[in-house]
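# Topology and contacts: notes
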Amino acid sequence: MQVSWKTLLEEIRNCTLCPLHEGRTQSVPGEGSPNAEIVFIGEGPGAEEDRLGRPFVGAAGKLLDQVLEALFIRREDVYIANIVKCRPPGNRVPQDEEANACLPYLRAQVALIKPKIIVCLGAIPAKYIIGPEIRITQDRGKWVERKGFLIMPTFHPAALLRDPRKKADLWEDFKQVRDMLARMH
Ligand code: SF4
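To keep things clear, this report deals only with the structure shown in the data block. (Residues numbered from 1 in each chain as written. Predicted model: local features only at pLDDT ≥ 70, side-chain atom pairs only at ≥ 80, totals over all residues. Heavy atoms only, no water.)

## Some points on the sheet that holds strand β3 (residues 79–82)
Strand pairing in a sheet takes place through backbone hydrogen bonds and is either antiparallel or parallel in direction. Read across the open sheet, the six strands follow the order β1-β3-β2-β4-β6-β5; overall the sheet is mixed. Looking at which strands have only one partner, the edges of the open sheet turn out to be β1 (31–32) and β5 (144–146). In this structure, strand β2 (residues 38–42) lies alongside β3, joined through four bridges in parallel fashion. By the bridge assignment for β3, valine 39 is matched with tyrosine 79. Most of the contacts of helix α4 (residues 96–113) go to β3, to which it runs at about 165°, and overall it touches β2, β3, β4 (117–121) and β6 (149–154). (Pairing = 2+ DSSP bridges. Helix = DSSP H or I, 4+ residues; strand = E, 2+ residues; numbered from the N terminus. Contact = heavy atoms within 4.5 Å. Axes fitted to C-alpha atoms, helices over the stretch in contact; angles between N-to-C directions.)

## Description of the layout of surface pockets
Of the voids in this model, the largest pocket is the one considered here, and its volume is about 540 Å³. What lines the largest pocket is a set of 28 residues, and nearest its centre among them are Glu43, Ala60, His156, Ala158 and Arg162. Among the secondary structure elements, those contributing two or more residues to the lining of the largest pocket are α2 (47–52), α3 (59–70), α5 (123–129), α6 (136–139) and α7 (157–162). Along the lines of polarity and charge, the residues of the lining of the largest pocket split into 13 nonpolar, nine polar and six charged. Considered as a void within the structure, the second largest pocket measures approximately 320 Å³ in volume. What lines the second largest pocket is simply Ile41, Leu103, Leu106, Arg107, Val110, Ile118, Tyr128, Ile129, Arg146, Lys147, Phe149 and Ile151. (1 Å grid on protein atoms, 1.4 Å probe; cavity = no way out; pocket = protein on both sides within 12 Å on 5 of 7 lines; lining within 4 Å. Points joined across faces, edges and corners; volume = space filled by probe spheres on them. Nonpolar A, V, L, I, M, F, W, Y, C, P; charged D, E, K, R; others polar.)

## Focus: empty space enclosed by the protein
Summed over the entire model, instances satisfying the criterion amount to one cavity of 30 Å³ or more. Counted as a void, the largest cavity has a volume near 100 Å³. Cys15, Cys18, Cys86, Cys102 and Tyr105 are the residues nearest the centre of the largest cavity, which is lined by 14 residues in total. The biggest single contributor to the lining of the largest cavity is α4, with four residues. Of the residues contributing to the lining of the largest cavity, the split by class is ten nonpolar, one polar and three charged.

## So, the site of the ligand
Around the ligand lies a shell formed by Cys15, Leu17, Cys18, Leu20, His21, Arg24, Lys85, Cys86, Ala101, Cys102 and Tyr105. In this structure, the ligand is accommodated by the largest cavity. (Near = heavy atom within 4 Å. Sits in = over half its atoms within 2 Å of the grid points.)

## Topic: the pairing of β4
Burial runs high along β4: five of the five residues are buried. Going residue by residue along β4, you find Ile117, Val119 and Leu121 tucked away on one face and Ile118 and Cys120 tucked away on the opposite face as well. Both β2 and β4 contribute to a ladder of four bridges, which runs parallel. Bridging from a neighbouring strand, isoleucine 38 pairs with isoleucine 117 of β4. The pairing of β4 with β6 spans five bridges and is classified as parallel. Its bridge partner being in β6, valine 119 is matched across the sheet by methionine 152. (Buried < 20%, exposed > 50% of the residue type's maximum accessible area, 1.4 Å probe, protein only.)

Spelled out as structure tokens, the structure:
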């Protein structure tokens, strides 16, 4: 039986399934349209996200907003979530046990939204959504089909803050996403 949004969001807010709940200010379930055709998946909340309870609102989020805006994709029309809903200490990479404890929430969100396209922002979401064999520098920009979803791995916007040379690649990947969605209509 499919869980309702209300129940799901309540469960995420009160979740203590993994140790990440101990350090959070609040969990960050995700946000956007429940009818989104594109779901973007990041790694986990950072300091700003933890403070505000919203995904992708820090520096990387601003970059994501800019790319979406440039491609005429409205943030409120997509859905944005993370592999883990609570901030890992010091923004470290989520551990397997944490990701595996949290993934059923993301699966439930995707089941409710039924998007056409899923974009994995960075190596960590690509690992858990597509598989551990994914190498983000080699495989970014290549479509993968899983369970009826078209999935695109690309760089996490935070990677661009560290290495602006990746900007052109991210831009190309996002354009592919926009064009694929247009073709699906
Ligand atoms: Fe629960 Fe996910 Fe937060 Fe862990 S990260 S406490 S599984 S909501």
